[in-house]
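Structural overview for review
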Amino acid sequence: MTRNGGREKSLGLFIYGTMPSIPLEDRILAHLRIVAMNKLRRSEPFMLDLDTGEVAARRALWIHPAVPLQFHFHGSREPRINRDWIEELMRAANSAHGLSLLPEPGSALRGRHRTERKQSHRDRLPPPRSDAPLLESEVKIGSSDSRV
């Protein structure tokens, strides 16, 4: 267990295939489990970047349904799930850069004010093109103009 601001945090283990386990807080592990379960249930492999717990060591893993994946929780109670955090993690997992463990929305790691945070790669992306193809739900049926 670790201490953070007087609160103890349970450290669980993330185990992928035959690689050594990576210790993660149970709260992070619970959110990672939901994202991985949703992606793999749809047969969508994804890239996952993790801090291995070693000094300045990161590991990039290609998470695929064919490789055994285990989540070992240390604590006896299931952590409260933050839906906003799940949505952010899912967006990251669906991106070309893959999933990295983003700080939980509203946590102290996010900084004092939203305007003070560093720009992410998503903030630097250009706006969508106006000539981009429309989704099926945006097309009027029986109209000569396919744009709504």
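Summary of the structure given here. (Residues numbered from 1 in each chain as written. Predicted model: local features only at pLDDT ≥ 70, side-chain atom pairs only at ≥ 80, totals over all residues. Heavy atoms only, no water.)

**Notes on the pattern of salt bridges**
Under the criterion given, the structure shown has three salt bridges. A salt bridge links Glu44 to Lys39; its shortest N-O distance comes to 3.0 Å. On the accessibility criterion, Glu44 (26% relative accessible area) is partly exposed. Look at Lys39 and you get buried, because its relative accessible area is 4%. Arg42 is paired through a salt bridge with Glu44; the nearest N and O atoms lie 3.7 Å apart. Through salt bridges with shared partners, one network takes in Lys39, Arg42 and Glu44. (Salt bridge = Lys/Arg side-chain N within 4 Å of Asp/Glu carboxyl O. Buried < 20%, exposed > 50% of the residue type's maximum accessible area, 1.4 Å probe, protein only.)

**Regarding the sheet that holds strand S6 (residues 58-63)**
Spatial strand order, S6-S5-S8: three strands in an open sheet with mixed pairing. The sheet is open, and its two borders are formed by S6 and strand S8 (99-100), each paired with just one other strand. Bridge count between strand S5 (residues 46-51) and S6: six bridges; the pairing is antiparallel. Within S6, the position partnered with Asp49 by the bridge is Ala60. Along the sheet, helix H1 (residues 26-41) makes contact with S5, S6 and S8, crossing S5 at roughly 160°. (Pairing = 2+ DSSP bridges. Helix = DSSP H or I, 4+ residues; strand = E, 2+ residues; numbered from the N terminus. Contact = heavy atoms within 4.5 Å. Axes fitted to C-alpha atoms, helices over the stretch in contact; angles between N-to-C directions.)

**Here's the deal with the side chain of Asp26**
Within the secondary structure, Asp26 is located in helix H1. Although Asp26 is buried, it forms no salt bridge, and the closest oppositely charged side chain is Arg77 at an N-O distance of 9.6 Å. Asp26 has contacts with Ser10, Leu11, Gly12, His72, Phe73, His74, Gly75 and Pro79, leaving out every residue within four places of it along the chain. (Lys, Arg positive; Asp, Glu negative; His and termini not counted.)

**Notes on the pairing of strand S3 (residues 11-16)**
In this structure, S3 lies alongside strand S4 (residues 22-25), joined through four bridges in antiparallel fashion. Bridging from a neighbouring strand, Leu13 pairs with Pro23 of S4. Taken together, S3 and the strand that follows it, S4, pair antiparallel across an intervening segment of five residues, in which Gly17 is found at a positive phi of about 60°. Bridge count between S3 and strand S7 (residues 69-72): four bridges; the pairing is antiparallel. Note on S7: the bridge partner recorded for Ile15 is Gln70.

**Concerning the nonpolar core**
Among the nonpolar cores identified, the biggest contains 25 residues, and Phe14, Phe46, Leu48, Ile63 and Leu99 are the most heavily contacted of them. Elements with a minimum of two residues in this core: S3, S4, H1, S5, S6 and helix H2 (83-94). Not counting residues within four places of it along the chain, the set of residues in contact with Ile63 comprises Phe14, Tyr16, Leu40, Pro45, Phe46, Leu48 and Leu69. (Core = buried A, V, L, I, M, F, W, Y, C linked by side-chain atoms within 4.5 Å.)

**A closer look at the environment of Ser10**
Tracing the backbone shows Ser10 in the loop between strand S2 (7-9) and S3. A residue is classified by how much of its surface remains accessible, and Ser10, at 18% relative accessible area, is buried. For the pair Ser10 and Phe73, spaced 63 residues apart in sequence, the C-alpha separation works out to 7.8 Å.

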